[in-house]
Amino acid sequence: MKCRDANRMMTDSLAGELSEQQTQALEAHLAECEPCRKEFTEFKTFWAETESALQKPAGLLSLSPERKKQIFAQAENLKTPEPSTAFPVMFLKIAAMIMIGVAVIGIFLPPLFNRQDSSEKMSQIKEVKESQLQNPNASIDALQAAPASAAIASEEKLPAKRNMAIVENAMDEKELPKTAEKDSAIIGVAKTIKGRFAESKRKADTVIRIKAISAQTVKKFVPMKLEADKETAKQLLPSKTFNLDLKRWNIKTPDDLKKLLLAKKYPLPAEIILDKNKNTVTLYASSQQLQQLEKFFVALAEKPLTPTLKKAIDSNAQTKKNQ
Amino acid sequence: MASGETLEKIVTENEAPLLRYAWRYLQNESLAQDAVQESFVKYSQTIPGTIFNPRAWLYKTARNYCLNILRKQHRRPEIDLEHAEPVVAGSSSQPDAGLIHAENRTVLLRCLNRLKAKHKEAVILKLEHGKSYREIAEIMNLSVSNVGFILHAALKELKQNFSEEISK
């Protein structure tokens, strides 16, 4: 070993990073080489002195008790699951996100789609509920599979057990059957979404009624939609009345206003009541939605027609003429 | 939790050295506590099995936090040894009597403070915190062999500077 190599190894030796073989080699060199031995002794002393200079104070530093509390509290709140359960939880999170997304679409787009007779639907939902409770996971797969199965809707109703069979079958085939049976099957799925949706505290008071899916909805990859029960909405949701020149904006029915709101990407309220004599609009919606809608009405009152609105109004008038 | 150890154990074992390390950078007790608290919180949020050496990981996280603070304060992003030592409540501000004379200690720390930032930090992590080359490499984003080289060069330079200062 050369003195230069030995010198380089001195640091590693004192740092405890040398292998047994390397240590022996260094010791062998030091035994033979007087200058290196002297250098190593000096270096060892200097190392110890530097360590001593950087010595810790007598006591130990510690975090304040409040900070420790915060650390443990945050760790408790954000506790990640054990590896064995990580996948299912992640899967459920994704499923929940899909369901919330669909629920939101369902609330904002209710008037655009066909409606079934309410009493029939509710009885059908009631039937599906029991089966759904027995196998709630089936609905999640069916929900994911649903967009792939654009098909014709039908008024045909099926018994609850048959519905579940369709949903369960869809789990394997990753696609719902392309028949009229799909409508009924999806009601079951929608029912679960309703259940999940109602669990959230924010929306707990909003009773959601599920509407059956239409063929157009499926084609638009919106497998189902939910509609707030209008009567219940009136009781539970806050309302606000806005002044609006209905004639100027060519608004004759609530649907006309909804189209305007959609064109401007505003949230749709659960219920709209027009008063043509007073030129006012009463809206039932969540307080957050009402805040957004207020901006819309202020904008309408203050600003002239924008091209987008003009287009929306024109197309609306044109459609009416054609009809 | 990233390893089998409980968070409580990790906190108890590492809070003192981490605070000292963060203090070396920030020279401020409150900021050092922020850095260490943030490191423990981040650690508690990590995915299980992704951190093999929690101690090195905590140092690295605290270091990044400190460097960010220093950059925000437009200060040089390096350890500062010019200022006073971190003081522990209820204990003497002076370190224990050791192998080195108090005057020499001041000179040595001054010499150490003049080293390049990387060299200074390698010496601190090795001689003050007793970290292995592998841990220092992880904390400072270096290769293990580079750590050995840096530490050797740093100590050689420090020794020479110290000898010159003492002989003046």
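Student: What should I look at first to understand the environment of aspartate 256 of chain A in this one?
Tutor: All names here are of chain A. Its place among the elements puts aspartate 256 in helix H12 (residues 254–263). By C-beta crowding, aspartate 256 is classed as buried, having 20 other C-beta atoms within 10 Å. Through-space distance from the C-alpha of aspartate 256 to that of alanine 312 is 9.3 Å; in sequence the pair is 56 residues apart.

Student: Explain the pairing of strand S4 (residues 271–275) of chain A to me, please; I cannot follow it from the model alone.
Tutor: Moving residue by residue along a regular strand, the side chains alternate between the two faces of the sheet. All names here are of chain A. In the sheet, S4 pairs with strand S5 (residues 280–284) via 5 bridges, with the strands oriented antiparallel. Pairing of isoleucine 273 across the sheet is with threonine 282, part of S5. A loop of 4 residues connects S4 with S5, the two strands running antiparallel in sequence, and asparagine 279 in this loop sits at a positive phi of about 55 degrees.

Student: Looking at this model, I keep getting lost on the nonpolar core. Mind explaining?
Tutor: Judged by nonpolar contacts, the single largest core of 58 residues is most densely connected at Ala22, Val36, Ala62 and Val123 of chain B. In terms of residues, this core owes the most to one element, helix H1 (residues 7–26) of chain B, which gives 10 residues. Leaving out residues up to four positions away in the same chain, alanine 62 of chain B has contacts with Leu18, Tyr21, Ala22, Ala35, Val36 and Ser39 of chain B. If you look at the next biggest cluster of nonpolar residues, it comprises 16 residues, including Leu244, Leu260, Leu268 and Ala285 of chain A.

Student: How should the packing of helix H5 (residues 117–128) of chain B against helix H7 (residues 144–167) of chain B be read in this particular structure?
Tutor: The description of two helices packed together rests on the angle between their axes and the distance between the axes. Residues and elements named next belong to chain B. Across the interface, H5 lies against H7 with an axial gap of 9 Å and an inter-helix angle of 95 degrees. In terms of their interaxial angle, H5 and H7 are classed as roughly perpendicular. For the pair H5 and H7, contact is made by Lys118, His119, Ala122, Val123 and Lys126 and by Val147, Ile150, Leu151, Ala153, Ala154, Leu155 and Leu158, respectively. Here the residues of the contact of H5 with H7 sort into 9 nonpolar, 1 polar and 2 charged.

Student: Which parts of the structure should I look at to understand the confidence of the model for chain B?
Tutor: Residue and element names in this part refer to chain B. Mean pLDDT over chain B works out to 85, with 87% of the residues at or above the 70 mark. Highest mean pLDDT in chain B belongs to helix H6 (residues 133–140) (94); lowest belongs to helix H4 (residues 102–113) (87). Here the prediction assigns the complex a pTM of 0.50, and the interface score ipTM is 0.88.

Student: Is there a simple way to think about the pairing of S5 of chain A in this case?
Tutor: The pairing of strand S3 (residues 239–243) of chain A with S5 of chain A spans 5 bridges and is antiparallel. Residue pairing in the sheet places phenylalanine 242 of chain A in a bridge with valine 281 of chain A of S5 of chain A.

Student: Is there a simple way to explain unusual backbone geometry in this structure?
Tutor: The phi angle of most residues is negative, glycine excepted, and most peptide bonds adopt the trans form. Even without being a glycine, asparagine 279 of chain A presents a positive backbone phi close to 55 degrees. Within the element layout of this structure, asparagine 279 of chain A appears in the loop between S4 and S5. In this structure, glutamine 27 of chain B is a non-glycine residue whose phi angle is positive, near 55 degrees. If you trace the backbone, glutamine 27 of chain B turns up in the loop between H1 and helix H2 (29–44). For glutamine 27 of chain B, a count of 18 C-beta atoms within 10 Å corresponds to the partly exposed category.

Parameters and conventions
In this numbering scheme, every chain counts its residues from 1 along its sequence in written order. Each chain is given a letter, starting from A, and each ligand a number, starting from 1, according to the order in which they appear as written. Side-chain atom pairs in this predicted model are given and counted only at pLDDT of 80 or more, local residue features only at pLDDT of at least 70, and totals for whole chains, interfaces and linings cover all residues. Comment: elements are numbered from the N terminus, with helices defined as DSSP H or I runs of at least four residues and strands as E runs of at least two. Buried residues are those with 20 or more other C-beta atoms within 10 Å of their own C-beta, exposed residues have 12 or fewer, and partly exposed residues lie in between; C-beta atoms are placed from the backbone. The pairing criterion for strands is at least two bridges between them, as found by DSSP. To define a nonpolar core, we join buried Ala, Val, Leu, Ile, Met, Phe, Trp, Tyr and Cys residues through C-beta atoms within 7 Å and take the resulting set. Residues are treated as contacting if the C-beta atoms built from their backbones sit within 7 Å of each other. Inter-axis angles, ranging from 0 to 180 degrees, are taken between N-to-C directions of lines fitted to C-alpha atoms, where helices are fitted over the stretch in contact. Comment on the angle field: the value is read as roughly parallel under 35 degrees, roughly antiparallel over 145, roughly perpendicular from 65 to 115, and oblique elsewhere. Amino acid classes used here: Ala, Val, Leu, Ile, Met, Phe, Trp, Tyr, Cys and Pro are nonpolar; Asp, Glu, Lys and Arg are charged; the rest, including Gly, are polar. Values of pLDDT, which run from 0 to 100, indicate the predictor's confidence residue by residue.

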